[in-house]
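Next come the chains, spelled out residue by residue.
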Amino acid sequence: MTTAELVRLLNLMGVGALAVSGTLAAGRKQFDLIGVATIATITALGGGTVRDVLLGRHPIVWVEDPLFLYVCLAVAGVTVLAVRRRRLPPRLLLVADALGLAVFAITGAHIAEEMGRTGLIAVVMGTLTGAAGGALRDVLTGEVPLVLRGRDLYASAAIAGIIVYLSLAGLGVERAAAALAGVAVIIALRLASIFAGARIPAFDHS
Amino acid sequence: MTTAELVRLLNLMGVGALAVSGTLAAGRKQFDLIGVATIATITALGGGTVRDVLLGRHPIVWVEDPLFLYVCLAVAGVTVLAVRRRRLPPRLLLVADALGLAVFAITGAHIAEEMGRTGLIAVVMGTLTGAAGGALRDVLTGEVPLVLRGRDLYASAAIAGIIVYLSLAGLGVERAAAALAGVAVIIALRLASIFAGARIPAFDHS
Amino acid sequence: MTTAELVRLLNLMGVGALAVSGTLAAGRKQFDLIGVATIATITALGGGTVRDVLLGRHPIVWVEDPLFLYVCLAVAGVTVLAVRRRRLPPRLLLVADALGLAVFAITGAHIAEEMGRTGLIAVVMGTLTGAAGGALRDVLTGEVPLVLRGRDLYASAAIAGIIVYLSLAGLGVERAAAALAGVAVIIALRLASIFAGARIPAFDHS
């Protein structure tokens, strides 16, 4: 398996994990089946779409590689059938979601780099790739985006991991190793937040 | 009248129908006149805008042809004046909206095809062209998009009509005839939903 | 100081003013610090982003000139620290916001002109540059956009100023003078609305 194939596989896994969470979010709102498939797809592919539109990168990710769309629709369908039989284990979902966030964030930062954008722009684009899909899901289901008010480490985990990745790559570490370190930092921080309650402060000015 | 002129005329009729529905939605929320014109325009042109931005197609539809914008503003103005005198017939509006959805969906799918996108991408782009404007209207007026939760045939009617269009064109049927068949399927399904109560199932996972 | 440097300085002042208002809006919703920085940035840069995406102008403003992003983050940080000590004077903020609106609106219209778009498209793009960031802030904090329902002169002030600017430039007035006149009209109308209660009518059709 080449590196490009590995990246695509990891991205497909991330897409699948986020599509499951989108499907469940739509189910809680009693959307119809078209709505469920739409929310699952936007949750999983919204971040990469926002990144590509802001960077002017065409064709955007799922227009270039429609397999991502098919995966979303298939995952949404399987999830709808599966939850009729039994409840999905929430911790498994959270771990899968953490993997998705990590892969998307580092991939997004790397794509910005490849287009000649560095530093803050790479951090912003990576974080958007990881977190904007969930924010769009929340807006479309009538919620204030959890990523903006949740206080757990989500966007902040992505930012930390991207900074580790960019710093190591800047120090001459081989890019694949730097990317792996960034992914590991994001997953570690995210799991620390989920299972040990790590938090960031709120700003209350009412 | 050439085919291109006919397509433009049908599109202008669709824009007008959706602008009326946007104006009425803004009126129910007591928006000011700028807000009404904005919501009317976003309802009517939002779908084509989303399609063009996602496909990287510039200039986007109403930047290339500002007549679409002028029609939205004129329709919004006439609607505001008209409803002060008498209630608009709701069934007429629904039929006009069905025509708009049908024309937008087939036009959107055709534009994706012309850019070399086929299959699922053409279905997605056609459906977005027909349905995304109404979804943006709902989000901006503080509602969860009706198209995602309404259970009546709206996005699903568009999808069915686009599949008929693409299938017939793929089988060698002349494109104009295939497009007409697609438009007819969408209008028929939409009217069946409005007047005979055809529905798609919801997914309730609360 | 050249004209280009002056425009950039005025734009940075507008970005700073809108970032303060975004920070305070996020504080009222008890967002976490990442959420506050995000809302401040979207409030300040959302309008220019929407304009550039709709015009297909890449790299978009803050990707090309990341100083805008750094200013947003710095202003958000300083604002969070400052409001812990004392309340910011609301009238000062409103005047700063009026300046931001005016500069953004005329800059946005000018950018559309430079890309060969005139008339209604320049008006729409200028108004979006001034007002879309606040609308995105409102949607992301769970509010119906104030600009659509507020009845005070905001988008309407921008539209009037842009029309003055385009008309004077069309009559052969030197562009810098025409721009200054447009900026002055917007600030005057906005302040008239804030301090003298000038209003536009609502359309109530419930």
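Quick note: structure is the one above.
About the thresholds
Residues numbered from 1 in each chain as written. Chains lettered and ligands numbered in written order. Predicted model: local features only at pLDDT ≥ 70, side-chain atom pairs only at ≥ 80, totals over all residues. Helix = DSSP H or I, 4+ residues; strand = E, 2+ residues; numbered from the N terminus. Rg over C-alpha atoms; globule rule 2.2 N^0.38 Å. Contact = placed C-beta atoms within 7 Å. Nonpolar A, V, L, I, M, F, W, Y, C, P; charged D, E, K, R; others polar. Core = buried A, V, L, I, M, F, W, Y, C linked by C-beta atoms within 7 Å. Buried ≥ 20, exposed ≤ 12 C-beta atoms within 10 Å, placed from the backbone. Least-squares fit on C-alpha atoms with pLDDT ≥ 70 in both. Axes fitted to C-alpha atoms, helices over the stretch in contact; angles between N-to-C directions. Parallel < 35°, antiparallel > 145°, perpendicular 65-115°, else oblique. Left-handed = near helix turned anticlockwise from the far one by under 90°. Expected span 1.5 Å × (residues − 1). Bend = angle between axes of the 7 residues up to and from the residue.

Draft legend 1. Structural context of the overall build of chain A. Looking only at helices and strands, chain A features 9 helices and 0 strands. Ordered by position in the sequence, the α and β elements of chain A form the string α-α-α-α-α-α-α-α-α. A compact globule built from 206 residues would reach a C-alpha radius of gyration of about 17 Å, and chain A, at 17 Å, matches this within 12%. Seen through its C-alpha atoms, chain A measures out along the principal axes to roughly 50 × 45 × 30 Å. A separation threshold of at least 6 residues defines the contact pool for chain A, and within that pool the share at least 24 residues apart is 68%.

Draft legend 2. Here's a closer look at the interface of chain B and chain A. Each side of the interface is counted separately: chain B has 25 residues, and chain A has 28 residues. Of all the secondary structure elements, the ones that give two or more residues to the side of chain B that touches chain A are α2 (33-55), α6 (120-140), α7 (146-149) and α8 (155-170) of chain B. In terms of residue count, α6(B) provides more of the side of chain B that touches chain A than any other element does, 4 residues in total. Tallied by class, residues from the side of chain B that touches chain A come to 15 nonpolar, 6 polar and 4 charged.

Draft legend 3. Up close: the nonpolar core. In terms of nonpolar packing, the biggest core is built from 219 residues, with Cys72(A), Cys72(B) and Cys72(C) touching the most fellow members. Discounting residues that sit within four places of it in the chain, Cys72(C) has contacts with Val15(C), Ala19(C), Ala40(C), Thr41(C), Ala44(C) and Leu45(C).

Draft legend 4. The arrangement of the relation of the copies chain B and chain A in detail. Superposition of chain B onto chain A requires a rotation of 120 degrees combined with a translation of 0.0 Å along the rotation axis, giving an RMSD of 0.0 Å. Taken together, the rotation angle and the small translation identify this as a three-fold axis. Mapped onto chain A, only 8% of the interface residues of chain B again fall at the interface, so the copies present different surfaces.

Draft legend 5. Region of interest: the relation of the copies chain B and chain C. Taken as rigid bodies, chain B and chain C are interconverted by a rotation of 120 degrees and an axial shift of 0.0 Å, the fit giving an RMSD of 0.0 Å. Here only 7% of the interface residues in chain B have copies in chain C that are interface residues too; the copies meet through unlike faces.

Draft legend 6. How the structure looks around the interface of chain B and chain C. Each partner contributes to the interface: chain B provides 28 residues, whereas chain C provides 25 residues. Going through the elements one at a time, α1 (3-28), α2, α4 (67-85) and α6 of chain B are the ones with two or more residues in the side of chain B that touches chain C. A per-element tally of the side of chain B that touches chain C places α2(B) first, with 7 residues. Split into classes, the residues belonging to the side of chain B that touches chain C amount to 18 nonpolar, 7 polar and 3 charged.

Draft legend 7. Highlighting the packing of α6(B) against α8(B). Residues and elements named next belong to chain B. Remark: α6 packs on α8, axes separated minimally by 9 Å, with the N-to-C direction vectors making an angle of 135 degrees. With respect to each other, α6 and α8 are oriented oblique. As for the relative orientation of α6 and α8, their crossing is right-handed in sense. Together, Ala-122, Val-123, Gly-126, Thr-127, Gly-130 and Ala-131 of α6 and Ala-155, Ala-158, Ile-159, Ile-162, Ile-163 and Leu-166 of α8 make up the contact between the two elements.

Draft legend 8. Structural detail: the packing of helix α5 (residues 90-114) of chain C against helix α8 (residues 155-170) of chain C. Residues and elements named next belong to chain C. α8 packs onto α5 with a crossing angle of 45 degrees between their chain directions and a minimal axis gap of 10 Å. As summarised for this structure, α5 and α8 are arranged oblique, according to the angle between their axes. Between α5 and α8 the crossing geometry is right-handed. Where α5 approaches α8, its residues Leu-101, Ala-102, Ala-105, Ile-106 and Ala-109 are matched on the opposing element by Ala-158, Gly-161, Ile-162, Tyr-165 and Leu-166.

Draft legend 9. Summary view of the environment of Val71(A). Checked against the element boundaries, Val71(A) lands in helix α4 (residues 67-85). In this structure the C-alpha to C-alpha distance between Val71(A) and Leu12(A), which are 59 residues apart in sequence, comes to 7.5 Å.

Draft legend 10. View of α8(B). For α8(B), spanning 16 residues, the distance from its first C-alpha to its last is 22 Å, which sits close to the expected 22 Å at 1.5 Å a residue. Residues of α8(B) that are buried include every one of Ala155(B), Ser156(B), Ala157(B), Ala158(B), Ile159(B), Gly161(B), Ile162(B), Tyr165(B), Leu166(B) and Ala169(B), and no others. On its buried face, α8(B) is in contact with α2 (33-55) of chain A together with α5 (90-114), α6, α7 and α9 (175-196) of chain B.

Draft legend 11. Quick peek at unusual backbone geometry. Residue and element names in this part refer to chain A. The omega torsion across His-58 and Pro-59 is -5 degrees, close enough to zero to call that bond cis. Inspection of the secondary structure assignment puts Pro-59 in the loop between α2 and α3 (61-64). The phi dihedral of Gln-30 falls on the positive side, at around 55 degrees, and the residue is not glycine. Inspection of the secondary structure assignment puts Gln-30 in the loop between α1 (3-28) and α2. Residue Gln-30 is classed as partly exposed on the basis of its C-beta count, with 15 C-beta atoms lying within 10 Å.

Draft legend 12. Examining α2(A) more closely. Residues and elements named next belong to chain A. Given a rise of 1.5 Å per residue, 23 residues ought to cover 33 Å, and the 32 Å separating the end C-alpha atoms of α2 matches this to within 8%. At Leu-45, α2 shows its maximal bend, which comes to roughly 55 degrees. Counting buried residues along α2, 21 of its 23 residues qualify, which places the element largely inside the surrounding structure. Trailing α2 by a residue or two, Gly-56 shows a phi angle of about 65 degrees, which is positive.

Draft legend 13. Structural context of the environment of Phe104(A). All names here are of chain A. Position of Phe-104 among the secondary structure elements: in helix α5 (residues 90-114). Residue Phe-104 is classed as buried on the basis of its C-beta count, with 31 C-beta atoms lying within 10 Å. Residues Phe-104 and Val-7 lie 97 residues apart in sequence; the distance between their C-alpha atoms is 9.9 Å. Once residues within four sequence positions are removed from consideration, Phe-104 is found in contact with Gly-14, Gly-47, Gly-48, Thr-129 and Gly-130.

Draft legend 14. View of the environment of Val61(B). Residue and element names in this part refer to chain B. Mapping Val-61 onto the fold places it in helix α3 (residues 61-64). Residue class for Val-61 comes out buried when judged on the 21 C-beta atoms lying within 10 Å of it. Here the alpha-carbon distance between Val-61 and Thr-49, two residues 12 residues apart in the chain, equals 6.8 Å.

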